[in-house]
Amino acid sequence: MNLRRSPLFGAVASALGVLLCSGAAALAANAAPAIAAFDRSFASINDYTCVLHVHEAKGSATQDRVYQYSFMKPHYAKTLILDGDGKGSGGVWVGTDQISGHQGGLFSGIHLKVDIHDHRAVSLRGATIPEGLLQRIVDNYATIPGKLIQTDGGKVAGVATDRLDLKVADPASNYDVSEQILYLSKETHWPVRQIMYSGSQIVLDESVTDLKTNTGLTQSDFPF
């Protein structure tokens, strides 16, 4: 995920909530059949849950986490770190500039509202809750300036995929991410895996598992 993409907490305000729900079509600068197919699929659902397996690198530091994600339109998101750094921590975002979060372990019962970019509410590379949403991930490929190419992605974890490869025009304005690659299922059109590079270094590698759509989530599932 470019830094506008991958877990943990937060976002940039209610205007972003509109973008999150409109999917990749909202500000499309790059076009690809796989993006259009995802947009159609996303438009047909009301909510989803999934698990993100995320490896991030920043300089010599690395972070590995497994996140449970829940999303309901128009702008409700919830995460829980199932494994890795910060295990047991989680947060809820409801389209504002704050998240309601809790730490893991002994402090799991203490809930605090903090800024979406608070150091306790972001991943190693500064990613926030809404930046990890699947529709936001796809949207980045439509909106980040650069050269986008779609090819056959072969099988990823046994799933036949389409591959989007974005060569970023200005890495300096994209958190030094120079290339990002997204694999989407040919059957469901939803993301399966994403890899991002800063030069030759992989700075993000994430896989999506256990995706379920239209699970019946309600606003009560996102206590704020």
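Preceding block: the structure.
Residues numbered from 1 in each chain as written. Predicted model: local features only at pLDDT ≥ 70, side-chain atom pairs only at ≥ 80, totals over all residues. Heavy atoms only, no water.

Trainee: Help me understand the environment of Leu148 in this model?
Mentor: Along the chain, Leu148 falls in strand β7 (residues 146-156). With a relative accessible area of 17%, Leu148 lands in the buried category. Along the primary structure Leu148 and Gln180 are separated by 32 residues, whereas in three dimensions their C-alpha atoms are 9.6 Å apart. In this view, Leu148 contacts Asn30, Ala31, Ala32, Ile35, Tyr141, Leu164, Asp165 and Leu166; residues no more than four positions away in its chain are not counted. (Helix = DSSP H or I, 4+ residues; strand = E, 2+ residues; numbered from the N terminus. Buried < 20%, exposed > 50% of the residue type's maximum accessible area, 1.4 Å probe, protein only. Contact = heavy atoms within 4.5 Å.)

Trainee: Got a minute to help me understand the nonpolar core in this structure?
Mentor: Among the nonpolar cores identified, the biggest contains 40 residues, and Ile35, Tyr48, Leu52, Leu134, Tyr141 and Leu164 are the most heavily contacted of them. If you list the elements that add at least two residues to this core, you get α2 (33-43), β1 (47-58), β2 (61-72), β3 (76-84), α3 (134-143), β8 (159-168), β9 (179-185) and β11 (201-213). With five residues, α3 is the largest single contributor of residues to this core. Beyond its immediate stretch of four places on either side in the chain, Leu134 contacts Phe38, Tyr48, Cys50, Leu52, Trp190, Pro191, Val208 and Leu211. (Core = buried A, V, L, I, M, F, W, Y, C linked by side-chain atoms within 4.5 Å.)

Trainee: Looking at this structure, I do not really get the packing of aromatic side chains. What am I missing?
Mentor: Working definition: an aromatic ring pair is given by the centre-to-centre distance plus the angle between the planes. Scanning the entire structure with this criterion turns up eight aromatic pairs. Relative to Phe42, the ring of Phe38 has its centre 5.8 Å away and its plane inclined at 20°; by these criteria the two rings are stacked. Pair noted here: Phe38 and Phe42 are both in helix α2, with a separation of four residues, about one helical turn. No difference in accessibility class separates Phe38 from Phe42, as the two residues are buried. Ring geometry for Tyr76 versus Phe222: centroids 5.8 Å apart, planes at 40°, classification tilted. Of the two residues, Tyr76 is situated in strand β3 and Phe222 in the segment after β11; the sequence distance between them amounts to 146 residues. In this structure an aromatic cluster arises from ring pairing among Phe38, Phe42, Tyr48, Phe71 and Trp190. The cationic tip of Lys78 hangs over the ring face of Phe222; the distance from NZ or CZ to the ring centre is 5.8 Å. Above the plane of the ring of Phe224 lies Lys113, whose end atom (NZ or CZ) is 4.9 Å from the centre. (Phe/Tyr/Trp six-rings, centres within 6.5 Å; stacked < 30°, edge-to-face > 60°. Lys NZ or Arg CZ within 6 Å of the ring centre and 35° of its normal.)

Trainee: Help me out: how do you make sense of the layout of surface pockets in this one?
Mentor: Vacant regions in the atomic arrangement are exposed by a probe of water-molecule size rolled over the atoms. Estimates place the volume of the largest pocket at around 170 Å³. Val159, Ala160, Ser185, Glu187, Thr188, Trp190, Pro191, Val192, Val208, Thr209, Asp210 and Leu211 together form the lining of the largest pocket. In terms of residues, the lining of the largest pocket owes the most to one element, β11, which gives four residues. Taken together, the residues of the lining of the largest pocket break down into seven nonpolar, three polar and two charged. (1 Å grid on protein atoms, 1.4 Å probe; cavity = no way out; pocket = protein on both sides within 12 Å on 5 of 7 lines; lining within 4 Å. Points joined across faces, edges and corners; volume = space filled by probe spheres on them. Nonpolar A, V, L, I, M, F, W, Y, C, P; charged D, E, K, R; others polar.)

Trainee: Sorry, what's going on with the pairing of β8 here?
Mentor: Each regular strand shows side chains that alternate between the opposite faces of the sheet. Here β7 runs beside β8; their pairing, made up of 10 bridges, is antiparallel. For Lys147, the partnering residue across the bridge sits in β8 and is Lys167. Count of turn residues in the β7/β8 antiparallel hairpin: two residues, of which Ala157 carries a positive phi of about 55°. Both β8 and β9 contribute to a ladder of seven bridges, which runs antiparallel. Bridged to Asp165 within β9 is Ile181. (Pairing = 2+ DSSP bridges.)

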